[in-house]
Amino acid sequence: MSQNKFNILFIINPISGGKKKSDLPALIDQFLDKEKYAPIYAFTEYIGHASELAEEAEKKNYDMIVAVGGDGTINEVASKLVHSDKTLAIIPFGSGNGLARFLNIPLNAKKAISLINTGKPQLIDTAELNGRKFFNMAGMGFDAHLSSVFAGNKKRGLKSYVELGFKEITTYKAQPYHIEIDGKEYDNSAFAISIANSSQYGNNVYISPKSSLTDGYLDVCIIHPISLVKLPILAFQMITGKTHQSSLVKIIRGKHIKIKRNAADAVHLDGEPLKLGEELEIKIIPASLKILTNP
Ligand SMILES: Nc1ncnc2c1ncn2[C@@H]1O[C@H](COP(=O)(O)OP(=O)(O)OP(=O)(O)O)[C@@H](O)[C@H]1O
């Protein structure tokens, strides 16, 4: 590794967003400021590999680690960089790119690479659910169910995600939840509950338009049970960033959230599904990740 340049590791997910990335190192070589940075490239080979590479890199002489992929790849890499002095950067290559869009990182690869030359690191809040980190959004109910079905789907990309969504939404039933937010209790039946650190799921679909990554709070977004005829209204409110004014969604800010449901079920952390038990505990970790943003 270089002694007089910034050492930068690119962790590249070759399957995210359904886009090929074999020629990406050459593109990075072309657009990265080589006077300033000494780049190293690593392609992930399996689920969890990005996390292993980031953990190793955190202990080594790297100054910056770049997650090349979507929110799932960022989650794996960033989970190992919470409270680290190393900077995380993003080249968005996902299906949704929720965190990258929120941070205003260009979706164009050349522009995202150029931003690494000039961008400024900023500390953002991160969060954890039952001890597992998330950075953009966690959720349960329909969105976790959909992530879980999408993970088993052969096709990636936005089109297949939307197609699956239409199919699954017709049969999904709302669930009851007991929710405690900073000591205050609520009993709700919900179609889905999203715990928002940023404002959007990805693809500029906003569940929590007023969320901030630097306010020290999470937003608990409870989507009320909803009939199929009202779904287009909710979809319109999400696309136009109006869910904070919607009667179909209740948004409550909090730092420490406990949720009890009737049975073990799916949750998602930044779009990656897993099955967890009935009791979920979620906490904000304020100003805990150094990340490159677009000034
Ligand atoms: N070589 C690989 N083969 C199969 N899966 C991989 C490989 N490398 C990484 N993964 C997994 O790919 C999954 C999807 O990645 P990611 O979330 O970044 O993309 P996406 O789902 O297309 O985008 P987004 O989360 O923005 O919608 C992650 O769970 C990651 O662990």
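Being a predicted model, the structure only gives us computed values, none of them experimental.

As a further point, take the overall build of the protein chain. When helices and strands are counted, the protein chain shows eight helices and 18 strands. What you see for the protein chain is a C-alpha radius of gyration of 19 Å, in line with the 19 Å of a compact globule of 295 residues. Across the 295 residues of the protein chain, 44% fall into the buried class. Here the analysis covers contacts within the protein chain between residues at least 6 apart in sequence; of these, 74% occur between residues at least 24 apart.

With that settled, the discussion passes to the site of the ligand. By nearness alone, 24 residues border the ligand, and S16, G70, G72, T73 and G94 come closest of all. Sorting elements by how many residues they give to the shell around the ligand places helix α3 (residues 71-78) first, with four residues. When residues are assigned to domains, the shell around the ligand turns out to be shared by domain 1 (6-118) and domain 2 (132-286), each giving three or more.

Moving on to the domain arrangement of the protein chain. Entries for the protein chain in the domain assignment read domain 1 (6-118) and domain 2 (132-286). One C-alpha centre belongs to domain 1, the other to domain 2, and the line joining them spans 26 Å. Listed by partner, the interface residues are 17 residues for domain 1 and 22 residues for domain 2. Elements with a contribution of two residues or more to the side of domain 1 that touches domain 2: α3 and α4 (98-102). Ranked by the residues each element gives to the side of domain 1 that touches domain 2, the list is headed by α3, at five residues. Of the residues contributing to the side of domain 1 that touches domain 2, the split by class is six nonpolar, nine polar and two charged.

On to the UniProt feature "domain: DAGKc" (unreviewed entry) in the protein chain, then. Those places that UniProt annotates as "domain: DAGKc" (unreviewed entry) correspond, in this numbering, to residues 3-133. Summarising residues 3-133: 32% helix, 29% strand, and an end-to-end C-alpha distance of 32 Å.

Looking now at the environment of A263. Tracing the backbone shows A263 in the loop between β15 (256-261) and β16 (265-269). Given 7 C-beta atoms within a 10 Å radius, A263 is considered exposed. Between the C-alpha atoms of A263 and G277, which are 14 residues apart in sequence, the distance is 6.7 Å.

With that settled, the discussion passes to the pairing of strand β8 (residues 175-181). For β8 and strand β9 (residues 184-190), the ladder comprises seven bridges, and the chain directions are antiparallel. Its bridge partner lying in β9, E180 is registered against E185. From the end of β8 to the start of β9, which pair antiparallel, there are two residues, and D182 there has a positive phi angle of about 45 degrees. Sheet topology note: the β8/β15 ladder contains five bridges and is antiparallel. Bridged to Y177 within β15 is R261.

Backbone geometry follows two general trends: most residues other than glycine have a negative phi, and most peptide bonds adopt the trans configuration. One non-glycine residue, D182, lies in the positive phi region at around 45 degrees. By secondary structure assignment, the location of D182 is in the loop between β8 and β9. We classify D182 as exposed; it has 12 C-beta atoms within 10 Å. Even without glycine at this site, A287 takes up a positive phi of about 40 degrees. Its place among the elements puts A287 in strand β18 (residues 279-293).

What follows covers the packing of helix α2 (residues 49-59) against α3. At their nearest, the axes of α2 and α3 sit 7 Å apart, and the two run at 35 degrees to each other. Like other packed secondary-structure pairs, α2 and α3 cross with a definite hand, here right-handed. Mapping the contact onto sequence places A50, S51 and A54 in α2 and T73, E76 and V77 in α3. Tallied by class, residues from the contact of α2 with α3 come to three nonpolar, two polar and one charged.

Further remarks concern the nonpolar core. Ranked by internal contacts, the top residues of the largest apolar core, which has 78 residues, are I11, I65, V66, A67, V77 and L88. Among the elements that take part in this core, β18 stands out by supplying six residues, more than any other. A domain split of this core shows at least three residues from each of domain 1 (6-118) and domain 2 (132-286). Ignoring sequence-local partners within four residues, the contact set of V77 consists of I11, A50, A54, I65, A67 and L88.

Most of β16 sits inside the fold, with four of its five residues counted as buried. As defined by bridge partners, strand β7 (residues 137-141) adjoins β16 across three bridges and the pair is classed as antiparallel. If you follow A138 over to β16, its bridge partner there is L269. Following β16, the chain reverses through two residues before pairing antiparallel with strand β17 (residues 272-276); D270 in that reversal takes a positive phi of roughly 55 degrees.

The rules behind these values
Residues numbered from 1 in each chain as written. Predicted model: local features only at pLDDT ≥ 70, side-chain atom pairs only at ≥ 80, totals over all residues. Helix = DSSP H or I, 4+ residues; strand = E, 2+ residues; numbered from the N terminus. Rg over C-alpha atoms; globule rule 2.2 N^0.38 Å. Buried ≥ 20, exposed ≤ 12 C-beta atoms within 10 Å, placed from the backbone. Contact = placed C-beta atoms within 7 Å. Near = placed C-beta within 6 Å. Domains from an automatic or database assignment. Nonpolar A, V, L, I, M, F, W, Y, C, P; charged D, E, K, R; others polar. UniProt positions renumbered as here; feature names shortened; annotations may be inferred. Pairing = 2+ DSSP bridges. Axes fitted to C-alpha atoms, helices over the stretch in contact; angles between N-to-C directions. Left-handed = near helix turned anticlockwise from the far one by under 90°. Core = buried A, V, L, I, M, F, W, Y, C linked by C-beta atoms within 7 Å.

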